[in-house]
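The chain contents come next:
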Amino acid sequence: MQCPRCKHKNSKVLESRTTQEDHAIRRRRECLSCHFRFSTYEQVEILDLSVIKRDGRREPYYFEKLYNGIVKAFEKRPDTEKDIRRFAESIERDIHKKAKGGEVKSSEIGAIVIKRLKRKDPVAYLRFASVYLQFQDIKDFEEAINVFPNYKIQNKKTINN
Ligand SMILES: [Zn+2]
C-alpha cells in the first residue's frame, strides 16, 4: 500500500479490523520509509460462498469473520498474527472442500474449526469450543479437557480461576 506522503511502496499493518457492516476492512498502517501513519479501507473479498445459518438464513461467507473468531481463541497464546492468519487460511481451504453448490452450513464450519484447533492448541480449542458449543457447566469443560490427558491439570487450574 503506497504511502500518501512519500509514495514509498511498503507499509506495515498496525491494526486490522472489519467495519461494523463487515463489508470493509480498516487497516491502520505505517510507512516503512517515513513512518507516516494512515488508514486504508479495503473491500472484503466476497467469495462465491454462502453460509447457511442454524435458523436457515443465508449470509455471504467472509474470511475476516472466521479469522476474528480464531484470533479470539488464540488470545495470549504465543502464536504470531502471521501464524494465526496462515492457520485460518488453511482452515478456509477445508471449508471450501466441504462446500457443496456454493453453500456450507455454519455447523460444518464450526466442526472444521474445532477439529483443527483440537489438533493445534488445547487452550485455543477449549476457548473456541466453550463459546461455540455453549458449555453450560464445569462438566462440559471436563469432558472437553479429557481429550488432552496431558493438559488436564493445567487447564483445570485456568478454568477455576
Ligand atoms: Zn512514507
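Structure: see above.
Conventions used here
Residues numbered from 1 in each chain as written. Predicted model: local features only at pLDDT ≥ 70, side-chain atom pairs only at ≥ 80, totals over all residues. Heavy atoms only, no water. Donors = N, O, S within 2.8 Å, 3.2 Å for Na, K, Ca; no water. Tetrahedral: all angles 85-135°; square planar, octahedral: opposite > 155°, others 65-115°. Buried < 20%, exposed > 50% of the residue type's maximum accessible area, 1.4 Å probe, protein only. Core = buried A, V, L, I, M, F, W, Y, C linked by side-chain atoms within 4.5 Å. Helix = DSSP H or I, 4+ residues; strand = E, 2+ residues; numbered from the N terminus. Contact = heavy atoms within 4.5 Å. Axes fitted to C-alpha atoms, helices over the stretch in contact; angles between N-to-C directions. Parallel < 35°, antiparallel > 145°, perpendicular 65-115°, else oblique. Left-handed = near helix turned anticlockwise from the far one by under 90°. Nonpolar A, V, L, I, M, F, W, Y, C, P; charged D, E, K, R; others polar. Phe/Tyr/Trp six-rings, centres within 6.5 Å; stacked < 30°, edge-to-face > 60°. Pairing = 2+ DSSP bridges.

(A) Structural view of the coordination of the zinc ion. For the zinc ion, the protein coordination sphere consists of C3 (SG), C6 (SG), C31 (SG) and C34 (SG), at 2.3 to 2.4 Å. Viewed at the metal, the 4 donor atoms of the zinc ion are separated by angles of 105 to 113°, and the geometry they form is tetrahedral. Read in sequence order, the donor residues coordinating the zinc ion give the pattern C-x2-C-x24-C-x2-C. A residue is classified by how much of its surface remains accessible, and C3, at 1% relative accessible area, is buried.

(B) How the structure looks around the nonpolar core. Membership of the largest hydrophobic core comes to 26 residues, with the highest contact counts inside it found for L66, I70 and I95. Of all elements in the fold, only α1 (63-73), α2 (81-98), α3 (106-120) and α4 (122-132) reach the threshold of two or more residues within this core. In this view, I95 contacts L49, Y61, L66, V104, I109 and I112; residues no more than four positions away in its chain are not counted.

(C) Up close: the packing of α1 against α2. Where α1 meets α2, the axes come as close as 10 Å, and the angle between the chain directions of the two elements is 125°. The angle between α1 and α2 falls in the class oblique. Of the two elements, α1 crosses α2, and the hand of that crossing is right-handed. Facing F63, E64, L66, Y67, I70 and V71 of α1, the residues of α2 in contact are E81, I84, R85, F87, A88, E89, I91, E92 and I95. Classifying every residue of the contact of α1 with α2 by side-chain character gives 10 nonpolar, no polar and 5 charged.

(D) Layout of the packing of aromatic side chains. According to the stated counting rule, one finds 3 aromatic pairs in the structure shown. Note on F36 and F38: the rings are 6.4 Å apart at their centroids and 15° apart in plane angle, and the pair reads as stacked. Consider the rings of F63 and Y67, whose centres lie 5.9 Å apart with planes at 20°: the pair is stacked. A residue pair is termed a helical-turn pair when its members lie 3 or 4 positions apart in one helix, as F63 and Y67 do in helix α1 at 4 residues.

(E) Region of the structure containing the sheet that holds strand β4 (residues 50-52). The 3 strands lie next to each other as β5-β4-β6, forming an open sheet whose pairing is mixed. Each end of this open sheet is capped by a strand with a single partner; those strands are β5 (58-60) and β6 (103-105). Strand-to-strand twist in this sheet, taken as the mean axis angle between neighbours without regard to direction, amounts to 30°. Where β4 and β6 come together, 3 bridges link them in parallel fashion. Paired with V51 across the strands is V104, a residue of β6.

The quantities given are spatial measurements derived from coordinates; they are silent on function.
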